[in-house]
Amino acid sequence: MNILLTGGAGFIGSHVVRGLEASGHSCVVYDNLCKGHRAAVEGTTLIEADVADKPALVDAMRTHKIDAVIHLAAFIEAGESVVKPEKYFQNNTIIGLTLLEAMRECGVKRLVFSSTAAVYGTPKRIPIEETDRLEPINPYGSSKLCVELMLQGYAAAYDMGFVALRYFNVAGCHPSGEIGEDHSPETHLIPLILQVALGKRDSIKIFGDDYDTPDGTCVRDYIHVCDLADAHVLAAGAIEPGCVKVYNLGNGKGFSVREVIETCREVTGHAIPAEDSPRRPGDPSQLVASSKKAIAELKWAPKFPDLKTIVQHAWNWYQSHPSGYKD
């Protein structure tokens, strides 16, 4: 298939491109490069444009005879969304509608949507299943849920087919060390911890130590970015007209912030000082996935479920690219 990837030059997108191309698909990356990196998708067609630009989207789809879209372009910081909700509804929700309209105009009827575990809010049970209540507690989760609801309407009205993938905490880097995670500013836990080991930070902050968890810190389910990429390849082949399929993507096991810090200490051999800080707004105490549905229906099989391996692959990238793609 000819696949257009919005946000394809970002951390997740660049790994999805690798997976798709290895499976024989032709990729076109569509990215405004506000967060992505040209170097992450060298050798792949790159259109530098914004998803808000509908004429540019239409031109890209028609010029490259696009069969399906993987929509990865979004702002993703839950904490920031609490204080800047307009930024998230504008960029995540409204451009989602722009993309759907561009697809409809071009007759492109298949899309894989990058959703999030944040649509569940504070879960009532662990692990979380796809049928559990959707009640986001921050605008980031709400902005993604709005798009999921739009997919339902477009599938029913226009016979379009969608797969929504609800990510849990994506981490790690490509085992080759050629591409990896490079955000500015960085807000993800594992890269921030590894920056301490690299000498770029004095310590790592732990936001909240009084949650209802075994050690009082937040618990999250970490999934290797290459396993996530594999799920996108499978999802692209599972789209059915007039249907919306939804899948959780995680490893089904949660690790607390303190446990992640300890694993990073083990991998890097660095002491990694930590300091307790107040809770951040919009952070649920636990998010752990049940991915049984993806395993059963997509035949998805994670290759790197072990947290130590996830951290090791990330550490390999940061050691060779301490300043990210600038190196």
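Since the structure is predicted, the reported quantities are computational estimates derived from the model, not experimental observations.

Caption draft 1: Representation of the overall build of the protein within the structure. Across its full length, the protein carries 10 helices and 13 strands. Its C-alpha atoms give the protein a radius of gyration of 19 Å, within 12% of the compact-globule value 20 Å for 327 residues. Seen through its C-alpha atoms, the protein measures out along the principal axes to roughly 55 × 45 × 40 Å. Contacts spanning at least 24 positions in sequence make up 77% of the contacts within the protein whose residues lie at least 6 apart. Roughly 13,500 Å² of accessible area belongs to the protein as shown, and the carbon and sulfur atoms make up 50% of that amount. Considering the protein, the positive charge centre built from 32 side chains and the negative charge centre built from 41 side chains are found 3 Å apart.

Caption draft 2: Spotlight on the sheet that holds strand β5 (residues 110–116). Spatially, seven strands are ordered β3-β2-β1-β4-β5-β6-β10 in an open sheet, and the strand pairing comes out parallel. This sheet does not close on itself; its edge strands, each paired only once, are β3 (45–48) and β10 (244–249). On average, each strand axis in the sheet is tilted by 20° relative to the strand beside it, whichever way the strands run. Summarising the sheet, strand β4 (residues 68–71) and β5 pair through three bridges and their orientation is parallel. When the bridges of β5 are listed, V69 appears paired with L111. In the packing of helix α4 (residues 85–106) onto the sheet, the strands contacted are β1 (2–6), β4, β5 and β6 (161–167), and the crossing angle to β4 comes to about 175°.

Caption draft 3: Structural context of the side chain of R166. Assignment of secondary structure puts R166 in strand β6. Residue R166 is classed as buried on the basis of its relative accessible area of 3%. Here the side chain of R166 touches E148 through a polar contact of 2.7 Å, side chain to side chain. When sequence neighbours within four positions are dropped, the list of residues in contact with R166 reads S115, T116, A117, V119, Y120, E130, L134, E148, V246, Y247, N248 and L249.

Caption draft 4: Quick peek at the packing of helix α1 (residues 11–22) against helix α7 (residues 225–236). Two elements in contact, α1 and α7, have axes whose closest approach is 8 Å; the angle formed by their N-to-C orientations is 55°. In terms of orientation, α1 and α7 fall into the oblique class. When the axes of α1 and α7 are compared, the crossing they make is right-handed. Counting all contacts with α1, which are made through F11, I12, H15, V16, G19 and L20, the residues of α7 involved are V225, C226, L228, A229, H232 and V233. Tallied by class, the residues present in the contact of α1 with α7 amount to nine nonpolar, three polar and no charged.

Caption draft 5: Representation of helix α6 (residues 189–197). Taking burial as the measure, the nine residues of α6 include nine buried ones, the bulk of the element. Listed in full, the buried residues belonging to α6 are L189, I190, P191, L192, I193, L194, Q195, V196 and A197. Of the residues one or two after α6, G199 is the one with positive phi, at around 85°.

Caption draft 6: Spatial organisation of the packing of aromatic side chains. As enumerated under the stated definition, the model contains four aromatic pairs in all. An aromatic cluster is defined as three or more aromatic residues linked by ring pairs; in this entry it consists of F75, Y88 and Y140. R104 extends its terminal NZ or CZ atom over the ring of Y158, reaching a point 4.2 Å from the ring centre.

Caption draft 7: Main features of the environment of V170. Structurally, V170 can be placed in strand β7 (residues 169–171). Sequence separation between V170 and C226 is 56 residues; the distance between their C-alpha atoms is 9.3 Å. Contacts of V170, omitting those with residues within four sequence positions, involve F11, I12, I223, V225 and L228.

Caption draft 8: Structural view of the nonpolar core. Of all hydrophobic cores here, the largest spans 35 residues; its most connected members are L5, I12 and L249. Those elements that place two or more of their residues in this core are β1, α1, β2 (26–31), β6, α7 and β10. Counting residues per element, this core draws most heavily on α7, at eight residues. With sequence-adjacent residues up to four places away left out, L5 is seen in contact with G13, V16, V17, L20, C27, V28, V29, Y30, I70 and L72. Counting 32 residues, the second-largest nonpolar core is a separate cluster that includes V28, A102, F113 and L151.

Caption draft 9: View of the pattern of salt bridges. Applying the stated criterion across every chain yields a total of 18 salt bridges. Of the charged contacts, one joins D210 and R279 as a salt bridge, the two residues approaching to 2.9 Å between their closest N and O atoms. Linking D210 in the loop between β8 (204–207) and β9 (219–224) with R279 in the loop between β12 (274–277) and β13 (286–287), this pair joins segments that are 69 residues apart in sequence. Judged by its relative accessible area of 45%, R279 falls in the partly exposed class. Salt-bridge contacts for E240 lead to K245; the nearest nitrogen and oxygen are separated by 3.0 Å. A cluster of three or more residues bridged by salt bridges with shared partners is formed by R125, E129, D132 and K292.

Rules of the game
Residues numbered from 1 in each chain as written. Predicted model: local features only at pLDDT ≥ 70, side-chain atom pairs only at ≥ 80, totals over all residues. Heavy atoms only, no water. Helix = DSSP H or I, 4+ residues; strand = E, 2+ residues; numbered from the N terminus. Rg over C-alpha atoms; globule rule 2.2 N^0.38 Å. Contact = heavy atoms within 4.5 Å. Areas by Shrake-Rupley, 256 points an atom, 1.4 Å probe, with all protein chains shown as cover. Lys, Arg positive; Asp, Glu negative; His and termini not counted. Charge placed at Lys NZ, Arg CZ, Asp CG, Glu CD. Pairing = 2+ DSSP bridges. Axes fitted to C-alpha atoms, helices over the stretch in contact; angles between N-to-C directions. Buried < 20%, exposed > 50% of the residue type's maximum accessible area, 1.4 Å probe, protein only. Polar contact = N/O pair within 3.5 Å; in protein donor to acceptor, adjacent residues only side chain to side chain. Parallel < 35°, antiparallel > 145°, perpendicular 65-115°, else oblique. Left-handed = near helix turned anticlockwise from the far one by under 90°. Nonpolar A, V, L, I, M, F, W, Y, C, P; charged D, E, K, R; others polar. Phe/Tyr/Trp six-rings, centres within 6.5 Å; stacked < 30°, edge-to-face > 60°. Lys NZ or Arg CZ within 6 Å of the ring centre and 35° of its normal. Core = buried A, V, L, I, M, F, W, Y, C linked by side-chain atoms within 4.5 Å. Salt bridge = Lys/Arg side-chain N within 4 Å of Asp/Glu carboxyl O.

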